[in-house]
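If you want the building blocks of each chain, they are given just below.
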Amino acid sequence: SAPYSWSIRPYFHKVTKTEVQLSMLDRPWVRNHVNSIHAAAVTNLMELCTAIACTSAFQHEKGVRGIPVRIDIQLTKKARGPITCSCKVDIPKQDGIDYPVHVVALDSLGAVVARGVVHWKIGVKTN
């Protein structure tokens, strides 16, 4: 993972070519002033989840690559305790499209703490 992702210390639970599930623990250095996990830490986990899913899928599709270009996150409740994110992908082999990857973050009771969409710009090499 990227160096900044190490700050959340992600745990990888499931990684397939179409699905990823990651989690992070509630640690003092990811907390904010209202005693919950900072929104940036939750967003970091959500983006990482989509990144692992997309790059895993790219490995199975010759010439397909991508980069995240936009992140839309809706925080629905304070994040406390372990947080688990999951997403599924079905990467299209179309050059230049915006591919939205939906991701959800749940607390240990299964309550949604955030929903998001990370938009990936997909490229296909024709060589």
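Everything in this summary refers to the structure shown in the same document. (Residues numbered from 1 in each chain as written. Predicted model: local features only at pLDDT ≥ 70, side-chain atom pairs only at ≥ 80, totals over all residues. Heavy atoms only, no water.)

**Considering the overall build of the protein**
Stage number 1. Looking only at helices and strands, one finds 1 helix and 6 strands in the protein.
Stage number 2. Counting helices and strands in the order they occur from the N terminus, the protein gives β-β-α-β-β-β-β.
Stage number 3. Based on the C-alpha atoms only, the size of the protein along its principal axes is roughly 50 × 25 × 25 Å.
Stage number 4. Burial status across the protein gives 40% buried among its 127 residues.
Stage number 5. If you take every contact in the protein between residues at least 6 apart in sequence, the share linking residues at least 24 apart comes to 65%.
Stage number 6. Summed over all atoms, the accessible surface of the protein reaches about 7100 Å², with 54% contributed by carbon and sulfur.
Stage number 7. Between the centroid of the 16 positive side chains of the protein and the centroid of its 9 negative side chains there is a distance of 4 Å. (Helix = DSSP H or I, 4+ residues; strand = E, 2+ residues; numbered from the N terminus. Buried < 20%, exposed > 50% of the residue type's maximum accessible area, 1.4 Å probe, protein only. Contact = heavy atoms within 4.5 Å. Areas by Shrake-Rupley, 256 points an atom, 1.4 Å probe, with all protein chains shown as cover. Lys, Arg positive; Asp, Glu negative; His and termini not counted. Charge placed at Lys NZ, Arg CZ, Asp CG, Glu CD.)

**Quick word on the pattern of salt bridges**
Stage number 1. Considering all chains together, one arrives at 5 salt bridges under this definition.
Stage number 2. As a salt-bridge pair, glutamate 19 and lysine 14 come within 3.1 Å of each other at their nearest N and O atoms.
Stage number 3. For aspartate 26, the salt bridge identified is with arginine 31, shortest N-O distance 2.5 Å. (Salt bridge = Lys/Arg side-chain N within 4 Å of Asp/Glu carboxyl O.)

**Things to note about the nonpolar core**
Stage number 1. Of all hydrophobic cores here, the largest spans 34 residues; its most connected members are Met24, Ile37, Ile83, Val89, Ile91, Ala105 and Trp120.
Stage number 2. Tallying contributions element by element places helix α1 (residues 39-58) first for this core, with 12 residues.
Stage number 3. Ignoring sequence-local partners within four residues, the contact set of tryptophan 120 consists of Thr50, Ala51, Cys54, Phe58, Gly66, Ile67, Pro68, Ile97, Asp98, Tyr99 and Val101. (Core = buried A, V, L, I, M, F, W, Y, C linked by side-chain atoms within 4.5 Å.)

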